[in-house]
Each structure stands twice: as structure tokens, then as C-alpha cells.
Amino acid sequence: MSAHGAELLTSVIWPISERAHKKLTKIIQMKTDWRCQAVSGYETRVASEIQIYRDRTDVHNLPPIFHYWSNRYVRPQLERRGLGSIEDMFLRELERHCAQHSGATVRFLSVGSGNCDLETGVAASLRARGYEDFVIECVDLNPAMLRRGADRAEKLGLGGKFAFVEADLNRWVAQHQYHAAMADQSLHHVVELESLFGQIGESLLPQGTFIISDMIGRNGHLRWPEALTIVREFWQELPPSYRINCQSGRYEAVFEDADCSTESFEGIRAQDIVGLLKEYFHFRFFLGFGNVIDPFVDRSFGPNFDPHAVWDCEFIDRVHRCDEREMAAGRLQPTHMLAVLGKQAGSPLFGAFTPPAVMAASGDIAIAKPVECAYSRGQWPHSAEAELERICAAVESAENRAKDLETKLNGAISDQRRNETEFQERTAWALQLDRQLLAASLYIVVKEEELDSRTAWVRRLEAELAGQTAETTRLENELTDRTQWALRMQSELVERTEWALRMQLELEERTQWALSLDRELSDLRRRTKPLLIVATYLRRLLWFARWLPARVMSRARNSVRASGQPAS
């Protein structure tokens, strides 16, 4: 449903506020943007990269003619430097670190390890030479390849020597310090080379080394214009049967320079590898080789050549001699590299060619010379009849493959029809969900309005509750004080009650004692009553006895005074 339709629907169904109306429009726009959002180019490439190598158990399945060329021309260069193979270059460096750190666990890093063929082979060789204290950490984007590597390590009894990390090298962050790092045909798959080289440089120990075997030609494994011209000149000598692309099945009358990085990370920044390595590390060993020879010995056209056929071998020899001549003159740069680098400058050892300078920028790339004639029939290695037989065999193979593809296509068409039916059903279901979602969105907006009003009401209640809480707190404090006072009064009352009870007991005791005394006193009074009467009379007599003489004497004195005679 369009945003306009949604606006109309909202204006008719619910009388919502302008703010809610804007919010609903934003929700619908977000939903529309989500529908229209396509998978990013980077994520598409990641998915393609994982899919390409998910079931590829042998990533080094090169045609026999490649081994003819490498054994005849590359191996001697390695042997002159004491190496029997490319694996020996990695093994020699890792063994050197194991020997230098004897008694301690040595940790190695492999970026883009894939199926871990090189890593398990090197680990087995190290163990055969008596080294046990090492760990190889294998980092790769593809979980299926890492599982194959783990299975291979377990079968060789090397499970404890490996750590497997599933990570995108463009975003990988080092978690350890390493004595050495290695990359075998993996750097030309990396977009963020600066980030990867920075992480490796920071995680390598000061004496650590970075061992590399990789492609360093033009991005996407395209030919540089000067090389493309030479390739197409040699292409003219090839019979038609040699021009069939064994990977795509396409016949190329003129060599088509295809960009391998359009859908995956294949060769995405191959031409930048050497220049960036110079910025982050110091070259200690470099061996460069190959250029024009690549299309004739790779997986696309290499299977067309027979290493046991004289003309085929002579053709490959001539192409290689052209490579050496042009690279020696500085007109071509190698597209293959074997290198050992360190964090600190050392004494570099180079082969016939030093590490090339950074390749030309895209604006400086010249246009390859056009091909005047696609065929040079006089140089074909066999007769037209033999060539016809080869072409017929190729056509028959192509027909068989076409039949297989047709069968697969018919199955795919059936699947497509089922998918279309399911798609229509799911589309109807999705439209129904879309309507439900719109209704739910409108309901949500209304509920949000109601929520806002209730939120304001709740805030008022919260303010009132805060006041009530303060009053309650005050009353609780007062109640606490009065409770404490009451407890003190209760305690004092208990004490006084106990005292009163003691006084009452004492009073009762004294009352009993007083009553007993009263009874005794009553008995005493009864017995002493006659005596008291006698005593009373005696007191009165005594008083009278005392009073009478005094009275007589007083009257006598008064008589004497009256007579004027001295008293006697």
C-alpha cells in the first residue's frame, strides 16, 4: 500500500493527531524502504565467495600443463635457493622459529587457510622433525573449508596443534601474538588489505616474519594492456580446439579478458598487494615469475594442452621465454610472488626481479592493441582432419554437457514453476500480512496516543503520590516517636505495677502483723483495765499529794508577808 493510501486510510478510520500521523507515515516509509532494500554488493560477494568454495575440496587442482611449466621453470629457481617446493619456503621459516624458541610454545597464524592443506602438511613436517610445541591458528571466511581442515588435522593426529577461527579477513582482529604469519593464495581475495596488514603487523612479535605465496597481477586477474597484446598474439597460433574455455564451456575465437572480481573477491585488489606490503613490512625474500603464461596454464585453457605433446610443450616454452625477456626489459611485471617479509629491515634476497612498484592507476591504463587476424593456420600442430576430430570430440563433450544441462534445466524449470506457485501464494500471504501490519501500525499509533495521555496522568499521580509519600513518611516518623514513647510508658507501667504488687504484698503482710498486734493489744487492755483505773487514781493522788503541800506553803508565806515577820 502506498504512503498516500495509508494517509487516506488513517484520516478516515482514526482521528489521530498530527504528530501521530507523521509517525505512522514514517513507519510506512521505513517498511517501504525495507522492501526496496537490496542486498549490498559486499554481502553478495561474501555469499558468492562462500558458495564457490563450499564444496571445493581441492583448490589446487591445476591442469597437467601447469605442472610441466612450474617444474621446468619455477622449481629450478626455488632449488637454487635451497627450496624443493613452495611448501618448503613456509616450512623453513616456521622451523626456524621453532628452533629459536625451543622450550616455549610457538604460535603461527594462517590467513585465508581454506581447507588447510598447506598448514596440515607443514605441521606434519614439523612434527616429523621433532618439533611439538607449536600451534597454527587458521583463519578463514568459509566454515565448510575450516571443517575439512579440522577433519584433516584429526586424521593426521594433529588436532591439538591447530586452532580454527571463522572470520572475515576484511574485519578480522588479532587476538594473540604470533611468531610468524603465512598467506597462501589468499591475499588477492581481501578488500581491506590495509586493515589486514595492520593487524598482522601489530600481532607479529618483533622478530616475526610474514610468508606469502600469491597473485600480484592486475585486479580481477585481468591482463595489463601490454601483456594482453602479447597474449592475443600467441592466441593466433592456437588451433580452435585450444580456444575452448574448460570452465565456462565457451569458445573464444579471440582471448576474452574477463574480470574475475565482478561477482566474488577473486583478484579484487591483487595489484595493490606489493605496494601495501612495502608500507607495512620489509622484504627479506622475493621471487616473482609468470605473466603472459598465465592464461595458457590456468584452469580455463590449460586442460587443452598436453604436456606429452611436443608442439604443446614448445609453445609453452616460447611463451615462458617471452615472459622472461619482457620482464628483464622492464616491459612486464610478474603476476606470481613468493615472499618473506619482516617487521624489521634485514638483508633482502631477491630473485631475477625485485618487488615491482605499485601498478599504474586506472586512469593510466592503456588500451590493448587490436587483433588483426584471429588465426595463424600455418602454425597449427596437426592437420585439419586431426583438428576436426578434436573439435568434434569437444562438440560431443559439449553436447553431452548440454544434455546434462538440459536435464538440469528441465528440473530447474519444474522447480521454478513450483517456486512461482509458492511465490504467488506467499505473495498473497505477504499482502495479507501487509494489510494486517498496516492495521497493526494504525492501532499502535492510537495506542501510543493513549499511552501518552495515560503517561501524563500517571505523572500527575506520581507527583501526588510523592506528596502523599512525604506526608506518610512524616506520619510514620511521628508514629515511630510515639511508639517509642508508649513503649517507654509501658515499660515504666510494668515496673510500677511490679512495685505496687510488691507494696500490696508487703501491706498485706504488715496488715496481718498489725491485726495480730491489735488482737494482742486488745487482750492486754482487757487484762490491764483494772490496773489502769488504779493507776489513774494513783496519779491523781500523787498529783494531789504534790499540790497540797505546795498550796499550804504558799499560803503560809503569804501570811508571813502579811504579818511582816521573816519567814522561818
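Residues numbered from 1 in each chain as written. Predicted model: local features only at pLDDT ≥ 70, side-chain atom pairs only at ≥ 80, totals over all residues. Heavy atoms only, no water.

1. Considerations on unusual backbone geometry
Working step 1: Unusually for a residue other than glycine, Gln 185 sits at a positive phi of about 55°.
Working step 2: Its location among the elements puts Gln 185 in the loop between β4 (178–184) and α8 (193–203).
Working step 3: Look at His 221: it is not a glycine, yet its phi comes out positive at around 60°.
Working step 4: Structurally, His 221 is set in the loop between β5 (204–215) and α9 (225–235).
Working step 5: The exposure class assigned to His 221 is buried, which follows from its relative accessible area of 17%. (Helix = DSSP H or I, 4+ residues; strand = E, 2+ residues; numbered from the N terminus. Buried < 20%, exposed > 50% of the residue type's maximum accessible area, 1.4 Å probe, protein only.)

2. Description of the packing of aromatic side chains
Working step 1: Tallying each qualifying case throughout the model produces 21 aromatic pairs.
Working step 2: With a centroid separation of 6.1 Å and an interplanar angle of 65°, the aromatic rings of Phe 197 and Tyr 280 are classed as edge-to-face. Residue Phe 197 is located in helix α8, and its partner Tyr 280 is located in helix α10 (residues 273–280); the two are separated by 83 residues in the primary sequence.
Working step 3: The class of Tyr 280 is partly exposed, set by a relative accessible area of 34%.
Working step 4: Over the ring of Phe 134 we find Lys 161, and its NZ or CZ is 5.4 Å from the ring centre. (Phe/Tyr/Trp six-rings, centres within 6.5 Å; stacked < 30°, edge-to-face > 60°. Lys NZ or Arg CZ within 6 Å of the ring centre and 35° of its normal.)

3. Thoughts on α8
Working step 1: Here α8 lies mainly inside the structure; eight of its eleven residues are buried.
Working step 2: Taken together, the buried positions of α8 are Leu 193, Leu 196, Phe 197, Gly 198, Gln 199, Ile 200, Gly 201 and Ser 203.
Working step 3: The inward-facing, buried residues of α8 abut β1 (106–111), β4, β5 and α10. (Contact = heavy atoms within 4.5 Å.)

4. A look at the nonpolar core
Working step 1: Core analysis: the biggest nonpolar cluster contains 58 residues, and Trp 69, Phe 108, Val 292, Phe 296, Phe 315 and Ile 316 have the highest contact counts within it.
Working step 2: What Phe 296 contacts, discounting residues up to four positions off in sequence, is Ile 65, Val 231, Phe 234, Trp 235, Leu 238, Phe 301, Gly 302, Phe 305, Phe 315, Ile 316 and Val 319. (Core = buried A, V, L, I, M, F, W, Y, C linked by side-chain atoms within 4.5 Å.)

5. Regarding the packing of helix α5 (residues 86–100) against helix α6 (residues 117–128)
In helix packing, the relevant descriptors are the interaxial angle and the interaxial distance, both defined with respect to the helix axes.
Working step 1: Two elements in contact, α5 and α6, have axes separated by 10 Å at closest approach and are oriented at 50°. The angle between α5 and α6 falls in the class oblique. Along this stretch, α5 crosses α6, giving a crossing that reads as right-handed. In this structure, α5 contributes Glu 87, Phe 90, Leu 91, Leu 94, Glu 95 and Cys 98 to the contact, and α6 contributes Leu 118, Gly 121, Val 122, Ser 125 and Leu 126. (Axes fitted to C-alpha atoms, helices over the stretch in contact; angles between N-to-C directions. Parallel < 35°, antiparallel > 145°, perpendicular 65-115°, else oblique. Left-handed = near helix turned anticlockwise from the far one by under 90°.)

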